[in-house]
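# Chains, contacts and geometry: an overview
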Amino acid sequence: MLKWLSPAVCAALLALPALGQGGFVDRTEDLGLALNTNAACWLDFDGEGGPDLVAGGALWRNEGDAGFVRIADAPPSVAADFDGDGWTDLFSWTNMTLYRNAGRGSGLEPLPLPDHPPTVSRAACWADLDTDGLVDLYVGGYENWDDQITYPDMVFMNQGDGQFDLTWTDDSSRARGVTACDFDEDGDPDVYVSNYRLQPNLLWVNDGQGGLTERAAEYGVVATSEGFAGGHSIGACWGDFDGDGHFDLFAGNFAHVDNRGDQPKSRFLRNLGPEGGYRFQDVGTGGIAYQESYATPAAADYDNDGDLDLFFTTVYGTASFGVANHPVLYRNDGHFTFTDVTAEVGVDGLPPTYQAAWADYDEDGDMDLIAGGRLFDNRVAQGHWIGFRLRGGGETVNTSAVGAQVRVTLPDRVLVRQVEAGTGEGNQNSPYLHFGLGGHAGPVTVDILWPGGYRTAPHEVSEMDRTIHYALEGAVP
């Protein structure tokens, strides 16, 4: 049953015009960053608001105009406050280790997970699967191809005080990407798993208590083509690509050119909403031009026009038959039609990479991009925007508000974003939610669906309101 709550503490809204100046500018070196092309994670580690970063084997503290400062070694990770103390912690699937935040950005304390089967993992995500106010872990299991071993996916349920129990495993497929979303808007997170080796992708639908049932075929999100059981999927991302207020899926497929025929291309899957039982319609490639080695996607509204655009990496420099592959930025032109703007906005020439994550690192009202070992400052965006920072109190909603959804109603559409902790193949976008509004400068209607089915009732927000706070209970640092 949904519970309605009024606005309270701990989300920030800013609505200001962001002025475009051309394209994206590579600021990696002058911000003091030394990066590689592995997965990246944006987070607020020190509680000071500006997005911090895990990338390049390190945890970097964002010091605003002074750039970034390396404060600790850190492997690729996904981030959330797992112990409910108000400080964002890490989990790395590369070494199956939790890292507790020592507080106020002072460092990391490694903690072991409970005994679990041997694994090779390439992605994980945080989600409060049993809606008890504590984030749990879904870890994807990949493979040892030489020995034909499939490593299991695993769920670690959070028992509090930094303790986890291994409660579930599944070795039916070989996961590359893991990402969660309450796509059916029933108050609990569901998990989408991108599988390789032409295996079908999985949609684990949650019963609200952490019980997962695989229903990808029923909901229409296997993401394959006729004649194939599945695709060589590496990553997927949730996002409302058509502005109807419901979360769609983009499934990225690595489509070889070989003797197996026309392998499944990457595709958009449109959520039909409550009228369609939250099932999905395959609306095709949307103009995503064929490249063989597509890998991990990440969505954000880079130009502040109100709809989600798509950045999509590749992991070959050249592929079969000598065809060049390169990461691409696609602009959303509406109605699931996308245009390649990579060279136009200055993010061309990137190397093969699994790295793709968005954040407004300089808090100037537009989404910046980390990809291919570079941090690009957005000088493209124009128009108005709204951003939200959400916090739960830890009793009914996890303090990081992972899984919360914000809907913004405009005169012609409803936009929705979620707080997620893991997307694509092991990347993480900023936990701060960003909405471009284009030329709309007037009031908007805002409502929030929190994990557990709690709601903040729809209410009008004026652009003149610089900060609005939301929480369900208690205060957090």
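Everything discussed here concerns the structure shown above.
Report on the accompanying structure. (Residues numbered from 1 in each chain as written. Predicted model: local features only at pLDDT ≥ 70, side-chain atom pairs only at ≥ 80, totals over all residues. Heavy atoms only, no water.)

### Points about the sheet that holds strand E23 (residues 267–271)
Put simply, the test is: Here the rule is simple: two strands pair whenever DSSP picks up at least two bridges between them. By definition, any uninterrupted DSSP run of H or I lasting at least four residues is a helix, any uninterrupted run of E lasting at least two residues is a strand, and each is numbered from the N terminus. Orientation is described by lines fitted to C-alpha atoms, with helices fitted over the stretch in contact, and by angles between N-to-C directions that extend from 0 to 180 degrees.
Spatial strand order, E21-E22-E23-E24: four strands in an open sheet with antiparallel pairing. One side of each edge strand has no neighbouring strand; the edge strands of this open sheet are strand E21 (233–239) and strand E24 (280–284). For this sheet, the mean inter-axis angle between neighbouring strands, taken without regard to orientation, is 25°. Across three bridges, the pairing between strand E22 (residues 248–253) and E23 is antiparallel. Paired with Phe 250 across the bridge in E23 is Phe 268.

### A few points about unusual backbone geometry
How we decide: Here the term buried applies to any residue with accessible area under 20% of the maximum for its type, exposed to any over 50%, and partly exposed to those in between, with areas from a 1.4 Å probe on protein chains only.
With phi around 50°, Met 96 is a residue other than glycine that occupies positive phi space. By the secondary structure assignment, Met 96 is in the loop between strand E8 (89–92) and strand E9 (97–101). In the Ramachandran plot, Gln 148 falls in the positive-phi region, its phi being about 55° despite a non-glycine side chain. The class of Gln 148 is partly exposed, set by a relative accessible area of 48%.

### A closer look at the packing of aromatic side chains
Applicable threshold: When the centres of two rings from Phe, Tyr and Trp lie within 6.5 Å, Trp using its six-membered ring, the rings pair. Their planes under 30 degrees apart give stacked, over 60 give edge-to-face, and anything left gives tilted. We call a charge positioned over a ring when the NZ of a Lys or the CZ of an Arg lies within 6 Å of the ring centre and within 35 degrees of the ring normal.
For the structure on display, the rule yields 25 aromatic pairs. Centre to centre, the rings of Tyr 196 and Phe 254 are 6.1 Å apart; their planes meet at 85°, and the pair counts as edge-to-face. Taken together, the residues span a long stretch of sequence, with Tyr 196 in the loop between strand E18 (190–195) and strand E19 (202–206) and Phe 254 in the loop between E22 and E23 at a distance of 58 residues. Judged by its relative accessible area of 7%, Tyr 196 is buried. Ring plane angle 85° and centroid distance 5.7 Å describe the contact between Phe 388 and Phe 435, whose orientation is recorded as edge-to-face. With Phe 388 in strand E32 (residues 384–388) and Phe 435 in strand E35 (residues 433–438), this pair connects stretches of sequence that are 47 residues apart. The two residues Phe 388 and Phe 435 agree in class, both being buried. Among the aromatic residues, those joined into a ring-pair cluster are Phe 241, Phe 250, Phe 268, Tyr 294, Phe 312, Phe 336 and Phe 338. Seen from the ring of Tyr 196, Arg 176 lies directly overhead, with NZ or CZ sitting 4.8 Å from the centre.

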